[in-house]
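Summary of the model geometry
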Amino acid sequence: MGTASSLASPAGGEVIEDTYGAGGGEACEIPVEVKPKARLLRSSFRRGGGAAGGGPGSLGRGAGGGGLLGASFRSTGSAAPELECAAAEYERLKKEYEIFRVSKHQELLAMGRREAKLDTENKRLRAELQALQKTYQKILREKESAVEAKYQAMERAATFEHDRDKVKRQFKIFRETKENEIQDLLRAKRDLESKLQRLQVQGIQVFDPGDSDSDDNRTDVTAAGTQCEYWSGGALGSEPSIGSMIQLQQSCRGPEFAHSSIDVEGPFANVNRDDWDVAVASLLQITPLFSHSLWSNTVRCYLIHTDETQPEMDLFLKDYSPKLKRMCETMGYFFHAVYFPVDTENQYLTVKKWEMEKSSLVVLFIHLTLPSPLLEDCEEAFLKNSEGKPRLIYHRVEDGKVDSDSVQQLIEQVSNLNKASKAKIIDHSGDPAEGAYQTYIYVEKIVKQDILGFESADPEAKDKASEDSAPEEDDFADVLWDIHDEQEQMEAFQGASASARELGFEKYYQRLNDLVAAPAPIPPLLVSGGPGSGKSLLLSKWIQSQQKSSPNTLILSHFVGRPMSASSESSLIIKRLTLKLMQHAWSVSALTLDPAKLLEEFPRWLEKLSARHQGSVIIIIDSIDRVQQVEKHMKWLIDPLPVNVRVIVSVNVETCPPAWRLWPTLHLDPLNPKDAKSIIVEECRSVDVTLSREQEKKLERHCRSAPTCNALYVTLFGKVVACAGRAGHLEKILHQCFQCQDTISLYRLILRSVQESLEDDPEKELMKQILCLVNVSHNGVGESELTELYPQVSWPVLTSVVHSLLRMGLLAYGCGLLKFQHFQAWEAVRLEYLQCPTMISSSRQKLINYFTLQLNQGRVTWRSADELPWLFQQQGSKQKLHDCLLNLFVSQNLYKRGHFAELLSYWQFAGKDKSAMAAEYFDSLKQYEKNCDGQESRTCLADLYETLGRFLKDLGLLSQAVVPLQRSLEIRETALDPDHPRVAQSLHQLAGVYVQWKKFGNAEQLYKQALEISENAHGPDHPHVARELEALATLYQKQNKYEQAEHFRKKSFKIRQKATKRKGNLCGFALLRRRALQLEELTLGKDTPDSARTLNELGVLYYLQNNLETADQFLKRSLEMRERVLGPDHPDCAQSLNNLAALCNEKKQYERAEELYERALDIRRRALAPDHPSLAYTVKHLAILYKKMISLLSSRAN
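Definitions and limits used
- Residues numbered from 1 in each chain as written.
- Predicted model: local features only at pLDDT ≥ 70, side-chain atom pairs only at ≥ 80, totals over all residues.
- Heavy atoms only, no water.
- UniProt positions renumbered as here; feature names shortened; annotations may be inferred.
- Patch = residues over 30% accessible without salt bridge, like charges linked within 9 Å, V, L, I, M, F, W, Y side chains within 5 Å.
- Areas by Shrake-Rupley, 256 points an atom, 1.4 Å probe, with all protein chains shown as cover.
- Salt bridge = Lys/Arg side-chain N within 4 Å of Asp/Glu carboxyl O.
- Lys, Arg positive; Asp, Glu negative; His and termini not counted.
- Charge placed at Lys NZ, Arg CZ, Asp CG, Glu CD.
- Helix = DSSP H or I, 4+ residues; strand = E, 2+ residues; numbered from the N terminus.
- Buried < 20%, exposed > 50% of the residue type's maximum accessible area, 1.4 Å probe, protein only.
- Expected span 1.5 Å × (residues − 1).
- Arc of directions from axis to C-beta.
- Contact = heavy atoms within 4.5 Å.
- Disulfide = S-S within 2.5 Å.
- Pairing = 2+ DSSP bridges.
- Axes fitted to C-alpha atoms, helices over the stretch in contact; angles between N-to-C directions.
- Parallel < 35°, antiparallel > 145°, perpendicular 65-115°, else oblique.
- Left-handed = near helix turned anticlockwise from the far one by under 90°.
- Phe/Tyr/Trp six-rings, centres within 6.5 Å; stacked < 30°, edge-to-face > 60°.
- pLDDT = per-residue confidence, 0-100.

Per an unreviewed UniProt entry, the protein chain carries the name Nephrocystin-3 and comes from Erinaceus europaeus. For the protein chain, the Subcellular location (unreviewed entry) comment in UniProt is given as "Cell projection, Cilium".

This is the structure in structure tokens:
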């Protein structure tokens, strides 16, 4: 039987029969492995060859069964044809193989040639790619060079623009000066011509120089053979420029301009009702020396209680005092609940009286009895309340029990007081917890309405109003305003001018007055002197005199505190001055927050806004040398100033920039020894301390050097000696003072003497800790913060230490915080207590821990935002500063209060550029958004996104600013309502970005949407509508669509004019209302001419607001007070009579107006000269009144 490999069947499953064997076999199917054809042929060929050559041997092997190689099929005929076929097939396959091999070889050759060709192409492309890369690098370098050249060209253009503006200002001043000189020459020519005519009439011969043979080019005037004086063509005296004369004429428009006939010799002189905004601005400029409780950042609630009302007192302090504290904290104020134990020893009597005087509110808790030690305090607080501060009595009554005589008498006396005393009584007969709650309700109402001056007493209504209404910065369009900076400046001004002694400064006033009257151009006046020489005192006293003598003069002052404080930040100074100018000019233009642009644009703002003021503008910057990089940031001082602008700066003579030493300088000399001695002796006499003659001689010998005749040194010396005399240590302290040769050493002596005056070691350590904390802080430390930092210290001990430091001139209050009164005090504390770096770091760490704890509790106030980043920066902790800035509410607080430059400096210190800063804020906001649930949190999230967008816009990252502003818009549309006013605010901010991005079409669409929402939400005459109209006007003006721009700007102006009459002041109606309330409270005290003048000004203010009834009340009170104080025939009484007559004229009460005018006319005829303007003023308006009455009678007769 053959092998399976030889039995191949194409079908793979045929029946094979074996013919060899015994008699055949059974047919079956066997599986066969099929070989390829070539292999099969070769096998068949070998079998064929073997059969032919082997003969029977082959067959024998086949018969043996084991050696047979192949088997014949039953259908095969013979072996030869099979071999031929196989050979033919082999040849055919061989040829096919050769053909296949040749074709494949050719294909391989073709593929090789193609590979070589592709390799060549690849090399060529690589060469081209390298050439393109070189070209790209070249183009990139050319692009960078072009961009750099562009920036350089832009810088040159900006420099050219700045130089052009400078040249324009110089040319303007030159032109006005030359026009002024021409006018002077023409005037002199007319005078000479008239003089010549008079001389010719008198027969005096005048020789003409043209007819003379002499070369002397002069005119000799002779009479009676005598040679007279001649006029030579020298320099003529200059007068104010034409522009100044025009402004002067406008400011003195007189009654002819005024529609009303109000007469006032103050800030409202010749003001009509259409221009009453000027009156409001003038009212805000007047800064009388209020008592500290009236203009402060602190609400002090003084609590008096007895043993019987101890439960109410404890409940009020435990449950409701923290609520009042948080309420004031959210409004930007401090709240202090001041109280002393009932069994207080006599050592705190002075401190109690001092606390009561500076408190804003006094609350008395009484029941049946009133101990005699408290009776004096109650009489002082309730019956001798000369300033008319709010007072509250909680009286717990019980059925069947009768009050003591002292309680009944006190309540009866308080009840009989007039309404102006602002004293309220609560009679309560229930549980002490209910009584404490009722007291809290009254205190909250008094704080909001009477002390802070808010309209609504409902907290929810107030919050809703503040939320729905525009933010405070919206009053100045997109300008961010910090009220604390303004309060700090007002208190700095009041503190500087608080001295009752002039220290011989009257001799310097005339020099300052000459500067104001000098013709332009004139550089700034430099007031120089040593530290503590009295520069601040001189400037503040002169400002007061100017405000009284020149009410049309706008005075903008800024007092710089110690270096590195907020008041020494150059960008904040410039922004504040610009905003004050905008406030007085009633401009609502957007103001950039970029420090570099702000400093660059200030000269243009100054020129633009000063031109709108009808009078002079005086800018005063005290201690300007404490500003960081002052020469770089105050370059505008070197440029020519506008015609009506004068600048006065004070510097330390040792740190004055060299370039400024060429300016006109007013140097403050030290006091002479006699004046120094007299000031110290007078200070001692004021407290009944008398120096012996020998001591006075020693004192005069001591005050001979410049440091010992320094104004601050002499003032401190007097305080120390006076206090020592009252304590009985005069000789000892006087000897120690003689050892101090400068102000800092004297301050160090004061530190040691105050510390020795304290009774026990804990108080001494507390004093040291307080001074160290104030020294290392950014802007000071608050008393409420001290109570939380030292909870073991009682209020009497704390206030006793603070009182001693304040009394000796070491500390002072500023914006509700304890600060050093003078820079020398700060330096003395540093030398006395902080020489060791460990003490500095521990004090700084104590403040860091305190404010960090506030942040961890979710309390982000203006104090934590001011102090914590600055402390981290001073500590050098970049990572902690970085984490603090990523607290979104800290950054939001800084930005929304206008501390943009400060925020940027923090990020620069942390090592982050603008892009990195934006990315990190985005990441923090996304993380915060994941935890936001509820409408309130979503609204807060929208505010954060908007703040981030505005911040990025101010950074110039416009493309990145769009994303957060769009997100803020989306959140407000979903969380509030698509027509909510906050949605309009988001649209407005987003449109502002598109305007800067030059995408005017998108901006126009958004502005129109915001306008529609504002009109639907607030009405067509709301300031928010005016804001959108103003934005559209600016947008159209940028596109050169001047007609549309003018249309929208006129509409905006009309709305703002109407809103101004209603709202008062674009800086905030709350500020104006608060000032009016403070002025009213001032007039509740003693009758003085100043109080009568204030009442008159308030009457004029309300008259200009069309509040005639209130105006009538104040004008009548002014007249009554003037008649009592000055007498009925004083000219000031005529002024009040004139104003009352104008009011009656407005009310059409002509007969009453005639009577008042005649009384005013009679007084002025007797008191004034016949040609006095006030007399003519009254005669004119009386004539106008008669004309009205005649017209009225004629119309009735007809």
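Looking now at a negative patch on the surface. Taken together, the side chains of Glu-357, Glu-376, Glu-379 and Glu-380 define an acidic patch exposed on the protein surface. Of the residues forming the negative patch, the biggest block, three residues, is contributed by helix α8 (residues 372-383). Mapped onto the fold, Glu-379 is located in helix α8. Exposure remark for Glu-379: the relative accessible area of 32% places this residue in the partly exposed category.

This part is about helix α43 (residues 1150-1167). A turn of α-helix holds 3.6 residues, and therefore any two residues three or four places apart point the same way. With 18 residues, α43 extends 25 Å from end C-alpha to end C-alpha; this agrees with the ideal 26 Å at 1.5 Å per step. All buried positions along α43 are accounted for by Tyr-1150, Ala-1153, Leu-1156, Tyr-1157, Ala-1160, Leu-1161, Ile-1163 and Arg-1164. The buried residues of α43 occupy one face: seen down the axis, they fall within an arc of 165 degrees. Among the exposed residues of α43, those oriented more than 90 degrees off its buried face are Glu-1151 and Arg-1165. Summarising the contacts, the buried residues of α43 are in contact with α42 (1131-1146) and α44 (1173-1197).

Taken as a whole and assessed by the stated rule, the structure comprises zero disulfides. As a non-bridged cysteine, Cys-328 has Cys-301 as the owner of its nearest cysteine sulfur, 9.8 Å distant.

Right, let's talk about a nonpolar patch on the surface for a bit. Where nonpolar side chains cluster on the molecular surface, the patch consists of Val-147, Tyr-151 and Met-154 and spans about 290 Å² of accessible area. Mapped onto the elements of the fold, Val-147 is located in helix α3 (residues 79-201).

This part takes up the sheet that holds strand β10 (residues 525-529). Reading across from one edge, β11-β12-β13-β10-β14 is the order of the five strands in this open sheet, with parallel pairing throughout. In this open sheet, the two strands that pair with only one neighbour each are β11 (554-559) and β14 (665-667). Each strand axis lies, on average, 15 degrees off the axis of its neighbour in the sheet, ignoring direction. Pairing of strand β12 (residues 617-622) with strand β13 (residues 645-652), which is carried by five bridges, proceeds in the parallel orientation.

On to unusual backbone geometry. Unlike most non-glycine residues, Asp-688 shows phi in positive territory, near 65 degrees. Tracing the backbone through its elements, the reader meets Asp-688 in the loop between α18 (673-685) and α19 (693-702). When its relative accessible area of 74% is taken as the criterion, Asp-688 is described as exposed. Of note, Asn-1040 is a non-glycine position whose phi angle comes to about 65 degrees, a positive value. Within the secondary structure, Asn-1040 sits in the loop between α37 (1023-1038) and α38 (1042-1063). When its relative accessible area of 52% is taken as the criterion, Asn-1040 is described as exposed.

What follows concerns the packing of α18 against α19. It is at 8 Å that the axes of α18 and α19 come closest, and there the two elements cross at 135 degrees. Relative to α19, α18 is oriented oblique. The two elements α18 and α19 cross, and the hand of that crossing is right-handed. Taken together, the residues of α19 that come into contact with α18 (itself represented by Pro-673, Lys-674, Lys-677, Ile-680, Val-681 and Arg-685) are Glu-696, Leu-699 and Glu-700.

Counting through the fold element by element, Leu-903 comes out in helix α31 (residues 900-909). Taking the C-alpha atoms as reference points, Leu-903 and Leu-885, separated by 18 residues in sequence, lie 8.4 Å from one another. For Leu-903, the contacting residues outside a window of four places in its chain are Leu-885, Ser-891, Leu-894, Tyr-895, Tyr-921 and Phe-951.

Let's shift gears to the packing of aromatic side chains. Considering all chains together, one arrives at 24 aromatic pairs under this definition. Relative to Tyr-440, the ring of Tyr-320 lies with its centre 4.9 Å away and its plane at 20 degrees, an arrangement referred to as stacked. Remark: Tyr-440 occurs in helix α10 (residues 432-451) and Tyr-320 occurs in helix α6 (residues 310-330); sequence separation between them is 120 residues. Take Tyr-320 and Tyr-440: they sit in the same class, and that class is buried. Ring centres of Phe-334 and Trp-862 lie 5.8 Å apart, and the angle between their planes is 55 degrees; on these two criteria the pair is classed as tilted.

Ordered by their spatial adjacency, five strands build an open sheet running β6-β5-β7-β8-β9, and the pairing between neighbours is parallel. Every interior strand has two partners, whereas the edge strands, β6 (334-339) and β9 (423-428), have only one. For this sheet the average axis-to-axis angle between neighbouring strands, irrespective of direction, equals 15 degrees. Where strand β5 (residues 298-305) and strand β7 (residues 361-366) come together, five bridges link them in parallel fashion. Following the sheet pairing, Ile-304 is matched in β7 by Leu-364.

It is worth spelling out the confidence of the model for the protein chain at this point. Here the protein chain averages 78 in pLDDT, while 78% of its residues score no lower than 70. Ignoring residues within four places in sequence, the model shows residues 32-76, a span with pLDDT below 50, making 35 contacts including any to other chains. Overall, residues 1063-1071 carries pLDDT values under 50, and its contacts beyond four positions in sequence, including any with other chains, amount to 29 contacts.

What follows is about the side chain of Glu-920. Structurally, Glu-920 can be placed in helix α32 (residues 914-930). Residue Glu-920 is classed as buried on the basis of its relative accessible area, which comes to 17%. Among all residues touching Glu-920, those that are not within four sequence positions of it are His-882, Leu-886, Trp-907 and Lys-912.

Turning our eyes to something else, we now look at a positive patch on the surface. On the surface, a cluster of positive charge is contributed by Arg-693, Lys-697, Lys-698, Arg-701 and Arg-704. Residue placement: Arg-701 occurs in helix α19. You can call Arg-701 partly exposed: its relative accessible area is 46%.

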